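Fold and contact review
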Amino acid sequence: EDHRFERAKRHWEPWTIAAPLVDLLETRPMIQARLDAIGIAPPRLYGAGFSHNNCRGACVKAGQGQWAHLLRMDREEYLRNEREEEAMRTALDKDISILRDQSGGATTPLTLRELRRRVEADEQIDLFDIRGCGCFAEGGE
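These notes cover the structure that comes with them. For every chain, the first residue of the written sequence is number 1, and numbering continues from 1 onward in sequence order. Restriction of local features to residues with pLDDT of at least 70 applies here, the model being predicted, together with a cutoff of 80 or more for giving and counting side-chain atom pairs; totals for whole chains, interfaces and linings are based on all residues. Side-chain numbers here rest on the full set of heavy atoms in the structure, without hydrogens or water.

**Quick word on the packing of helix 5 (residues 75-92) against helix 6 (residues 112-120)**
The geometry of a pair of packed helices is captured by two quantities: the angle between their axes and the separation between those axes. This is how the line gets drawn: An axis is simply a line fitted to the C-alpha atoms; with a helix, the fit covers only the stretch in contact. Between two such axes, the angle follows the N-to-C directions and lies from 0 to 180 degrees. Helix numbers and strand numbers start at the N terminus; a helix is a DSSP run of H or I with at least 4 residues, a strand a run of E with at least 2. Note on terminology: angles under 35 degrees are roughly parallel, angles over 145 are roughly antiparallel, angles of 65 to 115 are roughly perpendicular, and the others are oblique. Residues are treated as being in contact if the distance between any of their heavy atoms lies within 4.5 Å. Note that Gly is not counted as nonpolar here; it falls among the polar residues with everything else outside the nonpolar set of Ala, Val, Leu, Ile, Met, Phe, Trp, Tyr, Cys and Pro and the charged set of Asp, Glu, Lys and Arg.
Two numbers describe how helix 5 lies on helix 6: the axes approach to 9 Å, and their chain directions differ by 140°. Comparing their axes, helix 6 and helix 5 come out oblique. Facing helix 5, whose interface residues are Arg75, Tyr78, Leu79, Asn81, Glu82, Glu85 and Glu86, helix 6 presents Leu112, Arg113, Leu115, Arg116 and Glu120. Of the residues that constitute the contact of helix 5 with helix 6, the class distribution is four nonpolar, one polar and seven charged.

Rendered as structure tokens:
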């Protein structure tokens, strides 16, 4: 994923970093063309509109937009993660959550249960907050 390498290079300036394998990487369309040629279909999550095929669509680094999309596309997976988040909050006895609400100038925890309530009530959420994995790159993506 050369975009991550480009971000990492900027982050580590003035030092020079190298990733020789990046030059050998193919783009997603190139890879899919090769897979199509031998009869392998794209992963289910791509077909469902996810930007990557990780974590069953439930990445803890994803934002409100991706979690709302997961709720629409795979409610059972969303609810499973919602239950796990609630169990963690109970076990730790802390007001923590995967998501954050940054409206009104303050940042507060936004639980998956509350996000689901907002989505189902057709309230405004940050659909542009997609985020996702950002290994090796400052700030994620």
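That was the structure; now back to the text.
**Some points on the nonpolar core**
Put simply, the rule reads: Definition used in this section: a nonpolar core is a set of buried Ala, Val, Leu, Ile, Met, Phe, Trp, Tyr and Cys residues joined via side-chain atoms within 4.5 Å. Partly exposed describes any residue whose relative accessible area lies between the buried limit of under 20% and the exposed limit of over 50%, with all areas from a 1.4 Å probe on protein chains only and scaled to the type maximum.
Counting 17 residues, the largest nonpolar core has Phe50, Trp67, Leu70, Tyr78, Leu99, Leu112 and Leu115 as the members making the most contacts within it. When contributions to this core are tallied by element, the ones reaching two or more residues are helix 4 (64-73), helix 5 and helix 6. Filtering out sequence-adjacent residues up to four positions away, tryptophan 67 remains in contact with Ala58, Cys59, Ala62, Tyr78, Asn81, Ile98, Leu99, Leu112 and Leu115.

**A short note on the packing of aromatic side chains**
To be explicit about the condition: Pairing of aromatic side chains requires ring centres within 6.5 Å, counting the rings of Phe and Tyr and the six-membered ring of Trp. Pairs whose planes differ by under 30 degrees are stacked, by over 60 edge-to-face, and all others tilted.
Counted under the stated rule, the structure contains one aromatic pair. Residues tryptophan 67 and tyrosine 78 carry aromatic rings whose centres are separated by 5.8 Å and whose planes lie at 75° to one another, so their mutual orientation is edge-to-face. One end of the pair, tryptophan 67, is in helix 4; the other, tyrosine 78, is in helix 5, and 11 residues separate them in sequence. There is no split in this pair, since tryptophan 67 and tyrosine 78 are both buried.

**Focus on a nonpolar patch on the surface**
Condition: Excluding any residue in a salt bridge, patches collect residues exceeding 30% relative accessible area, merging like charges within 9 Å and nonpolar Val, Leu, Ile, Met, Phe, Trp and Tyr side chains within 5 Å. Residue-level accessible areas treat just the shown protein chains as cover; the underlying method is Shrake-Rupley with a 1.4 Å probe. Put simply, a salt bridge is a Lys or Arg side-chain nitrogen that is within 4 Å of an Asp or Glu carboxyl oxygen.
A cluster of nonpolar residues, Met88, Leu92 and Ile96, forms a patch on the protein surface that exposes about 250 Å² of accessible area. Following the sequence through the fold, methionine 88 ends up in helix 5.

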